[in-house]
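Here's the letter readout for the chains.
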Amino acid sequence: MKNLLITGAAGFIGSNFVHHMLAKYPGYKLVVFDKLTYAGRLENLKAAEGNPQFAFVRGDICDRAAVDGAIREHAIDTIVHFAAESHVDQSIHSPLVFTEANVTGTQVLLEAARQNKLERFHHISTDEVYGAIPAPNRSKEGDAFEPRSPYSASKAAAEHLVYAYHITYGLATTITRGSNNIGPFHYPEKAVPLFTTNAIDDLPLPIYGDGKQMRDYQYVGDHCEGIDLVLHKGVLGEAYNVGTGVETYNIDMAHKILAILGKPTSLITHVADRVGHDRRYALDVSKLKALGWVPRHTFDQALEATVKWFVENEWWWRPIKSGEFKAWYDKNYAAR
Ligand code: NAD
Ligand code: TYD
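Rules behind the numbers
Residues numbered from 1 in each chain as written. Chains lettered and ligands numbered in written order. Predicted model: local features only at pLDDT ≥ 70, side-chain atom pairs only at ≥ 80, totals over all residues. Heavy atoms only, no water. Helix = DSSP H or I, 4+ residues; strand = E, 2+ residues; numbered from the N terminus. Buried < 20%, exposed > 50% of the residue type's maximum accessible area, 1.4 Å probe, protein only. Expected span 1.5 Å × (residues − 1). Arc of directions from axis to C-beta. Contact = heavy atoms within 4.5 Å. Phe/Tyr/Trp six-rings, centres within 6.5 Å; stacked < 30°, edge-to-face > 60°. Lys NZ or Arg CZ within 6 Å of the ring centre and 35° of its normal. Salt bridge = Lys/Arg side-chain N within 4 Å of Asp/Glu carboxyl O. Pairing = 2+ DSSP bridges. Axes fitted to C-alpha atoms, helices over the stretch in contact; angles between N-to-C directions. Near = heavy atom within 4 Å. Polar contact = N/O pair within 3.5 Å; in protein donor to acceptor, adjacent residues only side chain to side chain. Areas by Shrake-Rupley, 256 points an atom, 1.4 Å probe, with all protein chains shown as cover.

(A) Main features of unusual backbone geometry. Cis geometry is found at the peptide bond from Ala135 to Pro136, where omega equals 5 degrees. Assignment of secondary structure puts Pro136 in the loop between β5 (120-126) and α5 (150-169). The backbone of Leu36 sits at a positive phi, close to 60 degrees, despite the residue not being glycine. Topologically, Leu36 is positioned in the loop between β2 (29-34) and β3 (54-58). The backbone of Lys117 shows a phi angle near 55 degrees, a positive value even though the residue is not glycine.

(B) Expanded view of the environment of Gln301. Looking at the element boundaries, Gln301 is found in helix α10 (residues 299-312). Judged by relative accessible area, which is 41%, Gln301 ranks as partly exposed. Through-space distance from the C-alpha of Gln301 to that of His93 is 33 Å; in sequence the pair is 208 residues apart.

(C) Spatial organisation of α10. Given a rise of 1.5 Å per residue, 14 residues ought to cover 20 Å, and the 20 Å separating the end C-alpha atoms of α10 matches this to within 8%. Within α10 the residues assigned to the buried category are Phe299, Ala302, Leu303, Thr306, Val307, Trp309 and Phe310. Along the axis of α10, the buried residues cluster in a sector spanning 155 degrees; they form a single face. In the core, the buried residues of α10 are packed alongside β7 (181-182), α6 (191-200), β10 (218-219), β12 (248-249), α8 (250-261) and α11 (314-322).

(D) View of the packing of aromatic side chains. What the rule picks out here adds up to 16 aromatic pairs. On the basis of an interplanar angle of 75 degrees and a centroid distance of 6.2 Å, the ring pair of Phe310 and Trp316 is categorised as edge-to-face. This pair shows no difference in class: Phe310 is buried, exactly as Trp316 is. Site record: aromatic cluster; members linked through ring pairs are Tyr38, Tyr187, Tyr208, Phe325, Tyr329 and Tyr333. Cation over ring: Lys212 sits above Tyr249, and NZ or CZ is 5.7 Å from the ring centre. The ring of Tyr240 has Lys287 sitting right over it, with the charged end atom 4.7 Å from the ring centre.

(E) The arrangement of the pattern of salt bridges in detail. Enumeration according to the criterion identifies 22 salt bridges in this entry. A salt bridge links Asp68 to Arg64, with the shortest nitrogen-to-oxygen separation between them at 3.1 Å. Here the residue Asp68 and the residue Arg64 both occupy positions in helix α2 (residues 64-73), the gap between them amounting to four residues, near one helical turn. What makes Asp68 buried here is its relative accessible area of 10%. The salt bridge involving Lys256 is made with Asp300; its shortest N-O contact spans 2.6 Å.

(F) Structural detail: the sheet that holds β3. One open sheet accounts for seven strands, arranged β3-β2-β1-β4-β5-β6-β11; its pairing is parallel. Of all the strands in the sheet, the pair left with one neighbour each is β3 and β11 (239-242). Averaged over neighbouring strand pairs, the angle between their axes works out to 20 degrees when direction is ignored. With respect to the sheet, α5 is in contact with β5 and β6 (173-178), its orientation differing from that of β5 by roughly 155 degrees. Taken strand by strand, helix α7 (residues 220-233) contacts β1 (3-7), β4 (78-81), β5, β6 and β11, and its axis lies near 145 degrees from that of β5.

(G) Quick peek at the site of ligand 2. Lining the immediate surroundings of ligand 2 are 20 residues, of which Glu128, Pro206, Arg215, Arg274 and Tyr333 lie closest. A distance of 2.5 Å separates an oxygen atom of ligand 2 from a polar side-chain atom of Arg274. At 2.7 Å, a side-chain N or O of His277 approaches an oxygen atom of ligand 2. Compared with its free state, where it exposes 510 Å², ligand 2 has 97% of that area covered by protein. Only α3 (88-93), α6 and β8 (205-208) provide two or more residues apiece to the shell around ligand 2.

Here's what the structure looks like:
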């Protein structure tokens, strides 16, 4: 493992992963391959610019020729696959885009990995493939998939293809299933950055339904360390859950953001629920912990660090919120 093609790393988690890997592995070359959709932002990779270990290629994972070109030009031996359409609400409005990027795109990369005889393919998946988990259950890696949104269904389909390439062609694959990430460069369509930036501007925090849905919000840096560990020590053909193993109600998360910012609770506004909203995700993370992984942040620490980053980096999110994001915001929230 020396030359890594990291797909989708102009986005939130992938860019954090690039910064983590650049700091930790001076001998690796990291080539970001990204289409730059609305969620892909070169600003996220600014700190890597000029680093001789780093290169950026603009391309679509569904474009086999472009993928092959990047693999050959940079003598790639490993793919770490983050690229995806990632927002559940967007998947409810435009589901086919998700199948194209998340399913077809993954298979194009698997084909490229197989035919170029790459050493390794690591796939980034999500806890949402397990579906809604009633308390007190926790999802283990061997559990059945019951995805319930177009987003999670496309991620589950992608995982099945990754496994099929491992079994059928002997491709050296691993998979991580992360819970909800929070931290720097998080596009403000997602709950935590939306609530934080709205609160900073004294705008309402739109809570879907009763706000009693539960998520395991983990710090993005901890997730990146988990991916790094599985990449280096994971068993081929296996999947690993990555999360804190602690869930929080959305309404409590919103109250904590307001408390950190010293804003009034009157900003909380209940709006119409998401259709098919998964009430709870909960992971058993003992398999990854057995490899030596420990999350460094509790939920409170992760949320504090995240809110602080948004307070200190208005240069990053203000242009997004006043620009193209506004059309999405109006479409998604006006009817609520
Ligand atoms: P994001 O939306 O912030 O970034 C996605 C990136 O993929 C963007 O840079 C975008 O330009 C790129 N992309 C999309 N379609 C592409 C295509 N066809 N070709 C090339 N690039 C393309 O997403 P994220 O939150 O960083 O998520 C990254 C990965 O992690 C996804 O696979 C997602 O399913 C998974 N995941 C996310 C979370 C989370 O909490 N955000 C949790 C678990 C797993
Ligand atoms: P989100 O960040 O979209 O992640 P996911 O749906 O993949 O878990 O949403 C996190 C939780 O917050 C989820 O239960 C939906 C809820 N939510 C709201 O209550 N209001 C919002 O405006 C958004 C975007 C999400």
